[in-house]
Amino acid sequence: MTARLTRRILTASALAVAATVALAGCYLIPMPDQSAAPHRSPTPITDGVAPDLLPFYQQTLDWTDCGGDFDCTTVTAPLDWSDPEAGTIDLSVIRHAATDSDPLGSLLTNPGGPGASGVDLVRDSLDYAVGQALQENYDVIGFDPRGVGESTAVTCLDAAGMDSFVFDIPPGQRRSAEWDAFVVEKQKTFAAACEQNSDGILPFITTENAAQDMDLLRAVLGDEKLNYLGYSYGTFLGATYAKHYPDRVGRLVLDGAIDPSLSGLDVSTQQAIGFENALRAYMASCVGQSDCPFTGSVDEAMGDLAILLASVDRDPIRNSDGRMLGADSLVTAIVTALYAQESWPYLTQALTDALQGEASTAFSLADFYYNRQDGQYLDNSTEAFLTYNCMDYPADETDAEHAASQAAIAQQAPTIAPYWESVNLCDVWPYAPTGVREPITAAGAEPIVVIGTTGDPATPYDWSVALADQLESGVLITRVGEGHTGYNKGNVCVDDAVEAYFIDGIVPPDGLVCQ
């Protein structure tokens, strides 16, 4: 499994969305510092907009009922923000109107990925995306970033082609010349299909462009400043917005942060270690339970899991639909379940079944990761994820840096190390990356709240610390616990701090720790 960023971000926890976690306590002392109250206008905000962008910023929105308590619209954005006359793309937007009669404005949300659908998040999981207090006080806005979902989307392969791309097992020994050649051919086929079927949009599917799209959304929604809740990759999108528009930052909360200064190689290395640590935490819980398929110490259980992975890598397990469960798909299943502690029982079942030669539960988890159901892919999140990462991350690591990464993963993540790195799709991508990796300070912005969870496997806690330190106005909240992201997960301390900031402008104490 190659991971620039592990993609099934916020939504992975929906496996156990009905589960609750224990309420957690903390010390929250309201600070006298307050951010400015949000202000909105019934007409688009065009102050400071360049003349060639005015046609986009002046557009009025045609909202239509799209079921339930939601209405939807489409916003037209430049394909290339550096050349607004080069063409346009559509951005799909959904709104849940505030239930209070005097709302504070719009609250944009992003579930992560890159590639996850913000429209689906709000439409299908509103209560999971934001708490009731925010639903009362804000129009909650979901949107599909460029390249994603119902917006102008990256299109690559049909379902059969995607199955081959993500599930086919290469011949020969892992990382042999035969194995690598097979993987490279798969990747070339995928990249060529994306280029052929995406109508010329691939080089413009970048976080830099998506951040500028968000400013357009802010303006046409009538908000003078952006109020935003971004999860995981959504923190990078939000930080990039703050980099470009610090004077238009309203109340931003970035939950499960990505360190924008890290290279793609650093991200992959630290995620491997993060998931290994999360796997050890799972094992520590599992071995004491009657239904756990492993016994003994955590080290012994991890050793037995390594044997299982090597076994299915050597002799894959056939699923009822004909797919073969090898080590790569089993690691995908493991990673999916590690996003939320409430999903650990699914992992126990998957590993128990795999030890008995049964693949269905593991494939259910892997299918959830890829948003695959009954042989069909419900969205283009995998294609969009890969496109963003190939365009956002410079491919400038040296051989020595790669060797150091492999050594670190082998030492600190020995269980999953053999299956983590592969041939890099971005090496055969049709366009060179345009993104940069650098610290983001957003000098002059209103306070930006960053939430980090100590046991987060996908966005390690240190990344949140780093982003909060980089931001000139960064404020760090620490959630002590397992799983990915911290807000709206049952921790009263985190939830109260976030909602007091969004609703009343009360800036949390920097360094607040929520047990």
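Just above, that's the structure.
Now for a quick tour of the structure. If you're wondering where the values come from, they're calculated on a predicted model, not measured in any experiment.

With that out of the way, let us pick up the packing of aromatic side chains. Using the criterion set out here, one finds 13 aromatic pairs in the structure. With 6.3 Å between their ring centres and 70 degrees between their planes, Tyr233 and Phe236 make a pair best called edge-to-face. In this pair, Tyr233 and Phe236 both sit in helix H7 (residues 233-244), three residues apart, roughly one turn of the helix. Overall, Tyr233 belongs to the buried group, its relative accessible area being 3%. For Phe236, a relative accessible area of 8% corresponds to the buried category. Note on Phe275 and Trp420: the rings are 6.2 Å apart at their centroids and 45 degrees apart in plane angle, and the pair reads as tilted. Of this pair, Phe275 sits in helix H8 (residues 264-286) while Trp420 sits in the loop between helix H14 (399-412) and strand E12 (448-455); the two residues are 145 residues apart in sequence, bridging distant segments of the chain.

Structurally, the position occupied by Arg248 is in the loop between H7 and strand E7 (249-255). On the basis of relative accessible area, Arg248 is assigned to the buried category, the value being 15%. Expressed as a C-alpha distance, the spacing of Arg248 and Cys194, which sit 54 residues apart in the sequence, is 35 Å. Other than its neighbours up to four places away in sequence, Arg248 contacts Asp47, Gly48, Tyr57, Asp215, Arg218, Glu224, Lys225, Leu226 and Tyr241.

Closest axis-to-axis distance for the H8/H14 pair is 9 Å, and the angle between their directions is 5 degrees. Here H8 lies roughly parallel to H14, going by the angle between them. Of the residues in H14, those touching H8 at Leu265, Thr269, Ala272, Ile273 and Glu276 are Glu401, His402, Ser405, Ala408, Ile409 and Gln412. Partitioned by chemical class, the residues of the contact of H8 with H14 number five nonpolar, four polar and two charged.

What follows deals with the state of the cysteines. What makes a disulfide is a covalent bond joining the sulfur atoms belonging to two cysteines. Following the criterion strictly, the structure yields five disulfides and no others. Between the sulfur of Cys66 and that of Cys72 lies a disulfide, 2.1 Å long from S to S. A torsion of 75 degrees about the S-S bond marks the disulfide between Cys66 and Cys72 as right-handed. With relative accessibility at 28%, the residue Cys66 sits in the partly exposed group. Taking the relative accessible area as the measure of exposure, Cys72 reaches 14% and is therefore buried. With its sulfur 2.0 Å from that of its partner, Cys286 forms a disulfide with Cys292. With the S-S bond torsion at 105 degrees, the cross-link from Cys286 to Cys292 turns out right-handed.

Cut-offs used in this document
Residues numbered from 1 in each chain as written. Predicted model: local features only at pLDDT ≥ 70, side-chain atom pairs only at ≥ 80, totals over all residues. Heavy atoms only, no water. Phe/Tyr/Trp six-rings, centres within 6.5 Å; stacked < 30°, edge-to-face > 60°. Helix = DSSP H or I, 4+ residues; strand = E, 2+ residues; numbered from the N terminus. Buried < 20%, exposed > 50% of the residue type's maximum accessible area, 1.4 Å probe, protein only. Contact = heavy atoms within 4.5 Å. Axes fitted to C-alpha atoms, helices over the stretch in contact; angles between N-to-C directions. Parallel < 35°, antiparallel > 145°, perpendicular 65-115°, else oblique. Nonpolar A, V, L, I, M, F, W, Y, C, P; charged D, E, K, R; others polar. Disulfide = S-S within 2.5 Å.

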